[in-house]
Amino acid sequence: MAHSHKTIVVSTSWDDGDRSDLRLAEMLSANGVAGTFYIPIEPFRAGRELSAQQITDLVSGGFEIGGHTVSHRSLTALPPEVQAREVTDCKRILEDRLGSEVQSFCYPNGRLNQTTVRCVAQAGYQNARSTRLLRTSLQFPRFEMPTTLQAYPHRGSAYLRNTVKGKNLAGLADYALRLRHARSWVELGKTLFDRVLQDGGFWHLYGHSWELQDLDLWSQLEDLLAYVARRPEVLYLTNAGVYRALSLGTAPGAVGVGYENPARS
Ligand SMILES: [Zn+2]
């Protein structure tokens, strides 16, 4: 990997379309950090869902809207034809509401298999996000975009489980040897950002605004966002923007071209 210059990309993505997304969007805007909001068609929490107008306003504010199925059921538990309907219908319905293409998809509960990935590809999405943590490489399969960190105070065991499930042995060793010393998720995020800043790579924060609200993580998030914001050498992109930059070569790095090769890391 002999790049003449290093590429540093920051993206954030937020799932479930809760009304607290509005507070989150304000915080992201104030820091100049881009974001993708993944929204299921049926309310994740009844009475707390974003209105059609609020979703349109997010787009006007420069954010991306991505698909998150119709019913937010784990796709891997469903028959293939139901999976196909879940991903296709949510794309069509969101596109009708927004009047623009929906390019990114996110798997409910992070559950995916080869059938799921094939459905997402056939529905016409350009990329999809997983819930794999502790990743900072700009090389990943296009339907398994990884994340670096969740805005959530996980226990150490959760990171270890996640790396094992994702067959991320380097991440497992890294966490066990070094990252576990971080005193909080915010400090972990800063440590990983410092690395990406130094070596190049992809820093991707994901989370749920309803969780920020329930656990009152707002000031911690503000601390982390302020830390990663306004760095002249960083590209701040939505999830679709990351995929576009990688596939156009704006940012060096190779995106996997299909679901046939999902295990590359
Ligand atoms: Zn979700």
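Located above this text is the structure these notes cover.
Just so we're clear, the structure is a prediction, and the values are computed from it rather than from any experiment. (Residues numbered from 1 in each chain as written. Predicted model: local features only at pLDDT ≥ 70, side-chain atom pairs only at ≥ 80, totals over all residues.)

Visitor: Help me understand the overall build of the protein chain in this model?
Guide: From N to C terminus, the protein chain includes ten helices and ten strands. Expected size for 265 residues packed as a compact globule is a radius of gyration near 18 Å; at 17 Å, the protein chain falls within 12% of this value. On the principal axes, the C-alpha backbone points of the protein chain span a range of 45 × 40 × 35 Å. Here the protein chain holds 265 residues, and the buried ones make up 45% of them. Within the protein chain, contacts between residues at least 6 apart in sequence are counted, and of these 71% link residues at least 24 apart. (Helix = DSSP H or I, 4+ residues; strand = E, 2+ residues; numbered from the N terminus. Rg over C-alpha atoms; globule rule 2.2 N^0.38 Å. Buried ≥ 20, exposed ≤ 12 C-beta atoms within 10 Å, placed from the backbone. Contact = placed C-beta atoms within 7 Å.)

Visitor: In this structure, what is going on with the pairing of strand β2 (residues 36–39)? I would like to understand it.
Guide: A regular strand places its side chains on the two faces of the sheet in alternate fashion. Along β2, one buried face is formed by Thr-36 and Tyr-38 and the opposite face, lined by Phe-37 and Ile-39, is buried too. Bridge analysis of strand β1 (residues 8–15) against β2 gives three bridges, and the strand direction is parallel. Among the inter-strand pairings, Ser-13 is bridged to a residue of β2, identified as Thr-36. On the question of chirality, the crossover connecting β1 to the parallel β2 by way of helix α1 (residues 21–31) is right-handed. After leaving β2, the chain enters helix α2 (residues 52–60) and then returns to the sheet as strand β3 (residues 64–67), a path that is right-handed. (Pairing = 2+ DSSP bridges. Right-handed = clockwise from strand over helix to strand, strands pointing away.)

Visitor: What is the right way to read helix α4 (residues 114–122) from this model?
Guide: Those residues of α4 not exposed but buried are Thr-116, Val-117, Cys-119 and Val-120. Projected down its long axis, α4 carries its buried residues within an arc of 160°, all on one side. Turned more than 90 degrees away from the buried face of α4, the exposed residues are Gln-114 and Gln-122. For α4, the elements touching its buried residues are α3 (80–98), β4 (104–106) and β5 (127–129). (Arc of directions from axis to C-beta.)

Visitor: Any chance you could explain the environment of Gln-150 here in plain terms?
Guide: Positionally, Gln-150 belongs in strand β7 (residues 149–150). For the pair formed by Gln-150 and Val-242, sequence separation is 92 residues and the distance between their alpha carbons is 18 Å. Those residues in contact with Gln-150 that lie beyond four places of it in its chain are Leu-133, Tyr-206 and Gly-207.

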